[in-house]
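Chain by chain, the residues run as shown.
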Amino acid sequence: MIEQANRLNLVQEYYFSTKLQEVRSLSASGKDIINLGIGSPDLPPPPQVIEALNLALTNTGAHQYQPYRGTLDFRNAIKEFYKNHYRVDLNPETEIIPLMGSKEGITHISMAFLNEGDEVLIPNPGYPTYTSVTNLVGAKPVYYNLKEETNWNPDLEEIESRDLSKVKLMWVNYPHMPTGASANETIFEKLVAFAKKNKILIVNDNPYSFILNDSPRSILETEGAKEVVLELNSLSKSFNMAGWRVGMVCGNEKNLNTILKVKTNLDSGMFYPLQAGASAALRLPASWFTSLNKVYAERKQKILKLAKALGCTPGKDQSGMFVWAKVPEGETSEGLVNNLLYTHSIFIAPGFIFGDQGEGYVRFSLCATSEVIDRAIERIGL
C-alpha cells in the first residue's frame, strides 16, 4: 500500500464534506432534513448571465484553450465592476487575474509566497481553508483572535506585541465569515499601515460585499494598499453562481506575476462561456443587488425568529448570507447542533469549526426558501 504524503497528516477532510455525508445518510433513512448549514445560494443566476453563457457556446474558439489571464473582456468587466461599486481603479492588463473560484486563489497565493516555516496570521474564528492550505504548503498558522465585544475586528496592537519576524502573510475577510462583521475605512487604513510597517502581505477575502450590506468596500480603496495588499473576490454569492467557480484576485503587477507562476502550471485557462457569463453578471445594474437583498432580508427575519426560539442570541449589524448567534448559557455549539439535527431534523453549522473563538456560537444559512425556514420554525414548536 502506498502511503499518503506527509503533508496530509496536517489536514483533515473539510467538516462539511464529512458532516453532510451524515446528513445525507439521515435523509436516505427517511428523515426530512432541513439544511440551514451551508452557504450555497439556492436562487438562480441572473437571466442575462445564462443568456450570455448560451450565446458564447457557439462562439468561434469557445471550446479552445483560453488565456491564462482570462479574456480581455472579462478583465475589463472586473475593472468596471471595481470602479462602479468600490471606487477602485484597476489596470486590466496588469492588476487583475481571473480565478476558478476565490478558494483556488487561497492555494495559489499560499504556494506563490510561502516557504516552509513561514508564519501566517489567520483570523479566529475564520474560514478553515486558510489554515488547511497554510499547513499543506508547510507554513505555520498563527492565529489572531476576533471577539464579539470589538465587533470581530483585529486587535493590531496585540498582534504587534508578538514576534512577527517570521510572518509573511495575513488573511483578513471583511465582510467577515462566519460573523457577518464589516470593516470600516479606519480599520482598512490601520491594516495597510500595519502591513507596510511589518513587511507583511495582507490578503482580504471579499466575497460577501453585496449581501445585506449597504456599504460595499474593498481594501484596495485605501491609499497605498496595492503596495502590500491583494484582494480575492468571487461571483459565487453576489450573483448566485457558486457552482460556476468564477472569482478574481486583484493587486499590483509584481504580486500578480508571482501568482501567475503558480497558476499557469496548474490550469489552462477558464472556459470561455463561463467568462462571457461572468462578464454579463459584473455589468448588471445595482438594482440586481436590491432585488437579491429583498429576498435575503425576508429570510433573515425568519431565521432570527428561529434563532430566538432556540434561545440563541444573534449579533448586531451582520451582513452576508448567514446569521451568527450565541448559544444559550451552558450549551455547546456542537451539542445544540446535534440536538437540533437528531431531534428536529434541522442542520445548522457549529461555530467551533471556524476556530476555538467560534465555540459557543452557531451559524444559520439564509440559503433556503422562506417556506423551508417556516417549516423549521414549526418543527421546534412555534
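Residues numbered from 1 in each chain as written. Predicted model: local features only at pLDDT ≥ 70, side-chain atom pairs only at ≥ 80, totals over all residues. Heavy atoms only, no water.

Engineer: Run through helix H3 (residues 72-86), naming residues and quoting values.
Structural biologist: With 15 residues, H3 should cover 21 Å at 1.5 Å per step; its first-to-last C-alpha distance of 20 Å lies within 8% of that length. Of all the residues in H3, the buried ones are Phe74, Arg75, Ala77, Ile78, Phe81, Tyr82, His85 and Tyr86. Projected onto a plane normal to the axis of H3, the buried residues spread over an arc of 155 degrees and lie on a single side. The inward-facing, buried residues of H3 abut strand E2 (96-99), strand E7 (229-234), strand E8 (247-250), helix H9 (272-282) and helix H10 (287-309). Positive backbone phi, approximately 65 degrees, marks Arg87, located one or two places after H3. (Helix = DSSP H or I, 4+ residues; strand = E, 2+ residues; numbered from the N terminus. Expected span 1.5 Å × (residues − 1). Buried < 20%, exposed > 50% of the residue type's maximum accessible area, 1.4 Å probe, protein only. Arc of directions from axis to C-beta. Contact = heavy atoms within 4.5 Å.)

Engineer: Which residues make up the pattern of salt bridges, and what values do they have?
Structural biologist: Taken as a whole and assessed by the stated rule, the structure comprises 18 salt bridges. We note a salt bridge from Arg162 to Glu158, for which the minimum N-O separation is 3.0 Å. Residue Arg162 is classed as partly exposed on the basis of its relative accessible area, which comes to 26%. Judged by relative accessible area, which is 34%, Glu158 ranks as partly exposed. (Salt bridge = Lys/Arg side-chain N within 4 Å of Asp/Glu carboxyl O.)

Engineer: I'd love a proper account of unusual backbone geometry, names of residues and values included.
Structural biologist: In this structure, the amide linkage connecting Asn124 to the following residue, Pro125, adopts the cis form with an omega of 5 degrees. Considering the arrangement of structural elements, one finds Pro125 in the loop between strand E3 (119-124) and helix H5 (128-136). The residue after Tyr174, namely Pro175, is reached through a cis peptide bond having omega -5 degrees. With phi around 60 degrees, Ser345 is a residue other than glycine that occupies positive phi space. Inspection of the secondary structure puts Ser345 in the loop between helix H11 (333-344) and strand E11 (346-347).

Engineer: Break down the nonpolar core for me, with residues and values.
Structural biologist: One finds Leu36, Tyr82, Ile109, Met170, Trp171, Phe239 and Phe364 to be the most contacted residues of the largest nonpolar core, which totals 118 residues. Ranked by residues supplied to this core, first place goes to H10 with seven residues. When near neighbours in sequence (up to four residues on either side) are disregarded, Trp171 contacts Ile106, Ile109, Ser110, Val120, Leu121, Ile122, Pro123, Tyr130, Thr134, Tyr144, Val203 and Leu232. (Core = buried A, V, L, I, M, F, W, Y, C linked by side-chain atoms within 4.5 Å.)

Engineer: Can you tell me about the side chain of Asn206, naming the residues and giving the values?
Structural biologist: Within the secondary structure, Asn206 sits in the loop between strand E6 (201-205) and E7. Beyond its immediate stretch of four places on either side in the chain, Asn206 contacts Tyr86, Tyr174, Pro175, Arg217, Ser218, Glu231, Leu232 and Asn233.

Engineer: Quick one: what's the story with the packing of aromatic side chains, residue by residue and with numbers?
Structural biologist: Taken as a whole and judged by the stated rule, the model has 16 aromatic pairs. Residues Phe81 and Tyr82 carry aromatic rings whose centres are separated by 6.4 Å and whose planes lie at 70 degrees to one another, so their mutual orientation is edge-to-face. Summarising the aromatic geometry, the rings of Tyr82 and Tyr86 are spaced 4.7 Å apart at their centres and angled 55 degrees between planes, so their arrangement reads as tilted. One end of the pair is Tyr82 and the other is Tyr86, both in helix H3 and four residues apart, which spans about a single turn. (Phe/Tyr/Trp six-rings, centres within 6.5 Å; stacked < 30°, edge-to-face > 60°.)

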